[in-house]
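Here's the letter readout for the chains.
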Amino acid sequence: MSLVRAERRRFFKRRLTRWVFPIGVLLLVTIASILFAFHSKPTPEARARGEATAEAMYQDQVREYERYKRECGDKCNDGGWTGPQRSDFRAEHYMPPSFDFKAQYGELFLVWAAIMAMVAFLLGASFVGAEWASGSMMNLLTWRPKRMKVLGTKLTVMLLSVAGLSIVALGIWTGILWAAGELRGTTEGLTPGVWQSFGLSALRGLGMILLFAALGFGLASIGRHTGLALGAALAVVIVGQVGLTILFQMIRVPFWEQYLVPIHIFAWMNKEMKLVDYSSPEMVCDTAGNCNAPELLITWQDSGSIALGLVVVVLAVAFWQMRRRDIS
Amino acid sequence: MTAVLEIQGLRKTYRARGGPRRALDGFEMYVEAGQVHGFLGPNGSGKTTTLRTLLGLIKPDSGEMRILGHELPRLLPEVVGKVGAIVESPQFFGHFTARDTLSLLADAGNLPQSRVDWALELVGLRERAKERVKTYSLGMKQRLAVASALLKQPKLLILDEPANGLDPGGIREMRDMMATLSAGGMTVVLSSHILGEIQLICDSVTIISLGRRVAAGPVAEVLQAHSSGQLRVALETPADLSAAAQVLVAGGFDLQAHEDYLIMSGVDKPALVARLLAERQLYVSELTPVTADLEDVFLELTGTAPVPGQVRSVDQSVRPELTPQNGVGA
């Protein structure tokens, strides 16, 4: 327990923790504040204006449709369309946007998870990388020579601390968005089922944040320097994403988007991601004769398994190296 | 006396681009309880590898090591609480204060926080304990490193170049501290290149060259074993020096004549020299054995004495034959 206490104190004393986390929270607060500022509560006057605009737009469209029918007569080919429907012209479409907490909060989990994943990657990498680079790890091992226990404790403490910080950030994020719902929209319709769905999204977000933290930790541990993790991240973004995108598009790899990290992040957070290969010369037809471009469905389980596998491999190499390599 | 530290047949080879490099080649070392033991060797001789191997940071290829009777590295976790160490110049997080640095180590070692002030006081850093380490001079960082090693109140203290960066006052304080700690029963292993300091502080020494022990034992015995047995002779009247040389050569002595004195070799009874010269009215003003200091012995044993006009490579030192006779008094 003493090592856990020491590592926890070390984590929260670190300059990077004291800077990067508040910067991450500041980003979230800024985004939430912009959302707050650009939404407004629907007043009766605004609704009346919206209704009037919707009615005017509907009438406009009806006139246009009737003129069209008059002009083409029997030759009209409108595919069975019976003209504009009043129900398609809703007052909300012509009113200043209001924040619907139930509809929008779930979609915005991705923002929190993405920003905190970036923070977590940095914190995870520097927590062990700076220790190696500064010689503090060697110093610590002269106190606690059980290397596996030392690295395992560091990883556990880092993950728990990052989880704690992420939950605090989520609290702040939720608080501002809830205020936006209360003051600039609505918080109605929040049934237990909706909250359960939010909870599961938050858990997936937290899982993603922790995987990024562990990945940064593992890479920095293998390279014994924070720079290796950051370099690997940069290489993945530049070579793995931009480079592969250009290459795969050039050689027309079907469903090339499946090799992009953001696609898997979307799939993980939104439960699934459907890719459509519009460049394919072949179409897929069902029994009714409807033909569409080929599709590929990536589920959150697919993306989660790939990410988990990658992190497990990186951590396994990091721990194996910790056991085997001389420390000099 | 009880051996606090025992090393036998320690071997370690590093894989390097230019081929394997043998850092330790059957190295041996014994340190008895309560001693201040000097650990000397030229750069690249294997000192730091030895210390790191003892502390479990480097895995040896073969050999036996024991600290306080505990076999290493298997039982290192059991004995590590009794071993305080600094290896080379330990780096600390520059943005932590000295107190934070020691406090975190105390937590990691499950030690009471009261030890932190005690250690800071001992190395003279208490007044500056709340300042960030990045504002410290090299000497102050070195003091902090020593404080971190003392935090455990260890039975065996291993210090690699503790005087590095210290001012003359600091070196003297460090020397006094070693003496005090040793008097209190702590065994100190001190690696340093300041040989004068080692000669002053240490009870015994081990000298290593290219991974092998070249000498070991009490400082006085090592010096004695490697002194030349030569005698320096000067006369009241320097003009009589050549006459004295003729007398001594005629008496069967080997000697070298210098401008103001003679150096004689293989003299069993110095009194005989004085008597022989006095019989010819040649009166001796100086008749002293030529004693070697630790620096001389070190340079001789490791073959690292500078030669005018030559540049010595780091690895260019003496590798002794591996025999049980290596060293003295072991």
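Analysis parameters
- Residues numbered from 1 in each chain as written.
- Chains lettered and ligands numbered in written order.
- Predicted model: local features only at pLDDT ≥ 70, side-chain atom pairs only at ≥ 80, totals over all residues.
- Helix = DSSP H or I, 4+ residues; strand = E, 2+ residues; numbered from the N terminus.
- Buried ≥ 20, exposed ≤ 12 C-beta atoms within 10 Å, placed from the backbone.
- Rg over C-alpha atoms; globule rule 2.2 N^0.38 Å.
- Axes fitted to C-alpha atoms, helices over the stretch in contact; angles between N-to-C directions.
- Contact = placed C-beta atoms within 7 Å.
- Nonpolar A, V, L, I, M, F, W, Y, C, P; charged D, E, K, R; others polar.
- pLDDT = per-residue confidence, 0-100.
- Core = buried A, V, L, I, M, F, W, Y, C linked by C-beta atoms within 7 Å.
- Pairing = 2+ DSSP bridges.
- Parallel < 35°, antiparallel > 145°, perpendicular 65-115°, else oblique.
- Left-handed = near helix turned anticlockwise from the far one by under 90°.
- Domains from an automatic or database assignment.
- Arc of directions from axis to C-beta.

## Examining the overall build of chain B
Helix and strand counts for chain B come out as 11 helices and 14 strands. Each of the three principal axes of chain B carries a C-alpha extent, and together these read 80 × 45 × 45 Å. The buried share of chain B, taken over its 330 residues, is 41%.

## Quick look at the overall build of chain A
Each helix and strand counted, chain A has 11 helices and 6 strands in total. Its C-alpha radius of gyration of 26 Å places chain A more than 25% over the 20 Å reference for a compact globule of 328 residues. Taking the principal axes of the C-alpha coordinates as reference, chain A spans close to 90 × 50 × 30 Å. Burial statistics for chain A: of 328 residues in total, 28% are counted as buried.

## Here we look at the packing of helix H5 (residues 109-134) of chain A against helix H9 (residues 226-250) of chain A
Residues and elements named next belong to chain A. Two elements in contact, H5 and H9, have axes separated by 7 Å at closest approach and are oriented at 145°. The residues of H9 that touch H5, namely those facing Phe121, Ala125, Ser126, Gly129, Ala130 and Ala133, are Thr226, Ala229, Leu230 and Ala233. Tallied by class, residues from the contact of H5 with H9 come to 7 nonpolar, 3 polar and no charged.

## Let's talk about the confidence of the model for chain B
All names here are of chain B. For chain B, the mean per-residue pLDDT works out to 85, and 90% of the residues sit at or above 70. The spread of mean pLDDT over the elements of chain B runs between helix H11 (residues 294-302), the lowest at 73, and strand E4 (residues 62-67), the highest at 95. Within the model, the stretch residues 325-330 combines pLDDT values under 50 with 22 contacts to residues more than four positions away or in other chains. Of the two predicted TM-score estimates for the complex, the pTM is 0.82 and the ipTM is 0.78.

## Here we look at the nonpolar core
Among the nonpolar cores identified, the biggest contains 142 residues, and Ala120, Ile209 and Ala213 of chain A together with Ala147 and Leu190 of chain B are the most heavily contacted of them. With 14 residues, the top contributor of residues to this core is H5 of chain A. In contact with Ala213 of chain A, other than residues within four places in its own chain, are Ala120, Phe121, Leu123, Gly124, Met158, Leu159 and Val162 of chain A. Counting residues in each nonpolar core, the second largest holds 8 residues, with Ala244, Leu248, Leu262 and Leu277 of chain B among its members.

## Some points on the sheet that holds E4 of chain B
All names here are of chain B. Here we have 4 strands laid out as an open sheet, ordered E2-E1-E4-E5, and antiparallel in their pairing. Strands with a single pairing partner mark the edges of an open sheet, and in this sheet they are strand E2 (21-32) and strand E5 (70-72). Neighbour-to-neighbour, the strand axes of this sheet turn through a mean angle of 20°, independent of strand direction. Sheet topology note: the strand E1 (residues 3-14)/E4 ladder contains 5 bridges and is antiparallel. For Gln8, the partnering residue across the bridge sits in E4 and is Glu64.

## Quick word on the interface of chain B and chain A
Contacts between the two partners involve 23 residues from chain B and, on the opposite side, 23 residues from chain A. Elements that contribute at least two residues to the side of chain B that touches chain A include exactly helix H2 (76-79) and helix H3 (98-108) of chain B. A total of 5 residues in the side of chain B that touches chain A trace back to one element, the largest contributor, which is H3 of chain B. In terms of residue class, the side of chain B that touches chain A is made up of 14 nonpolar, 5 polar and 4 charged.

## Quick word on the packing of H3 of chain B against helix H4 (residues 114-122) of chain B
Residue and element names in this part refer to chain B. At their nearest, the axes of H3 and H4 sit 9 Å apart, and the two run at 130° to each other. Between H3 and H4, the angle falls in the class oblique. Crossing of H3 against H4: the hand is right-handed. Touching Ala98, Arg99, Leu102, Ser103 and Ala106 of H3 are Arg115, Val116, Ala119 and Leu120, all from H4. Its residues assigned to classes, the contact of H3 with H4 shows 6 nonpolar, 1 polar and 2 charged.

## A closer look at the domain arrangement of chain A
On domain assignment, one finds that chain A holds domain 1 (2-39 + 99-324) and domain 2 (44-94). Using C-alpha coordinates to define each centre, domain 1 of chain A is positioned 45 Å away from domain 2 of chain A.

## Some details on the pairing of strand E9 (residues 204-209) of chain B
Residue and element names in this part refer to chain B. Among the 6 residues that make up E9, 6 are buried, leaving the element largely enclosed by the rest of the structure. Neither face of E9 is exposed, since Ser204, Thr206 and Ile208 on one face and Val205, Ile207 and Ser209 on the opposite face are all buried. Bridge count between strand E3 (residues 36-40) and E9: 4 bridges; the pairing is parallel. When the bridges of E9 are listed, Gly38 appears paired with Val205. For E9 and strand E10 (residues 212-218), the ladder comprises 6 bridges, and the chain directions are antiparallel. Residue pairing for E10: Ser209 is matched across the bridge by Arg212. Between E9 and E10, which follow one another and run antiparallel, lie 2 residues, and Leu210 among them has a positive phi close to 45°.

## Observations regarding the pairing of strand E12 (residues 254-257) of chain B
Pairing between E12 of chain B and strand E13 (residues 262-265) of chain B: 4 bridges, direction antiparallel. Within the sheet, the bridge partner assigned to Leu255 of chain B lies in E13 of chain B and is Met264 of chain B.

## Description of the domain arrangement of chain B
Domain assignment breaks chain B into domain 1 (3-225) and domain 2 (231-289). Between domain 1 of chain B and domain 2 of chain B, the C-alpha centre-to-centre distance is 47 Å.

## A word on H4 of chain B
All names here are of chain B. Restricting attention to buried positions, one finds in H4 the residues Val116, Ala119 and Leu120. Considered in projection along H4, the buried side chains sweep an arc of 100° and stay on one side of the axis. Of the surrounding elements, those touching the buried residues of H4 are H3 and helix H5 (138-150). At the C-terminal side of H4, Gly124 shows a positive phi close to 75°.

## Quick look at the environment of Phe198 of chain A
Residues and elements named next belong to chain A. When you line up the elements, Phe198 lands in helix H8 (residues 192-223). Along the sequence, Phe198 and Trp132 sit 66 residues apart, while their C-alpha atoms lie 39 Å from each other. If sequence neighbours within four positions are ignored, Phe198 has contacts with Tyr105 and Gly106.

## Some remarks on the sheet that holds strand E8 (residues 187-191) of chain B
Two strands in a sheet stick together by hydrogen bonds in their backbones, pointing the same way (parallel) or opposite ways (antiparallel). Residues and elements named next belong to chain B. Spatial ordering of the open sheet is given by E6-E7-E8-E3-E9-E10, a layout of 6 strands whose pairing is mixed. Pairing within the sheet leaves two strands with one partner each, and these edge strands are strand E6 (83-86) and E10. In this sheet, neighbouring strand axes are inclined to one another by 15° on average, regardless of whether the strands run parallel or antiparallel. Across 4 bridges, E6 lies against strand E7 (residues 156-160) in parallel orientation. Bridged to Ile86 within E7 is Leu159. Packed onto the sheet, helix H6 (residues 168-183) meets E3, E7 and E8 and runs at close to 150° relative to E8.

## A few points about unusual backbone geometry
Backbone torsion omega between Leu72 of chain B and Pro73 of chain B reads 0°, so that peptide bond is classified as cis. Along the polypeptide, Pro73 of chain B turns up in the loop between E5 and H2. One non-glycine residue, Lys271 of chain A, adopts positive backbone phi at about 75°. Its place among the elements puts Lys271 of chain A in the loop between helix H10 (261-269) and strand E3 (272-276). A positive phi is found at Gln281 of chain B, a non-glycine position, where the angle reads about 60°. Topologically, Gln281 of chain B is positioned in the loop between helix H10 (270-278) and strand E14 (284-289). Gln281 of chain B gets classed as exposed once you count the C-beta atoms within 10 Å, which come to 9.

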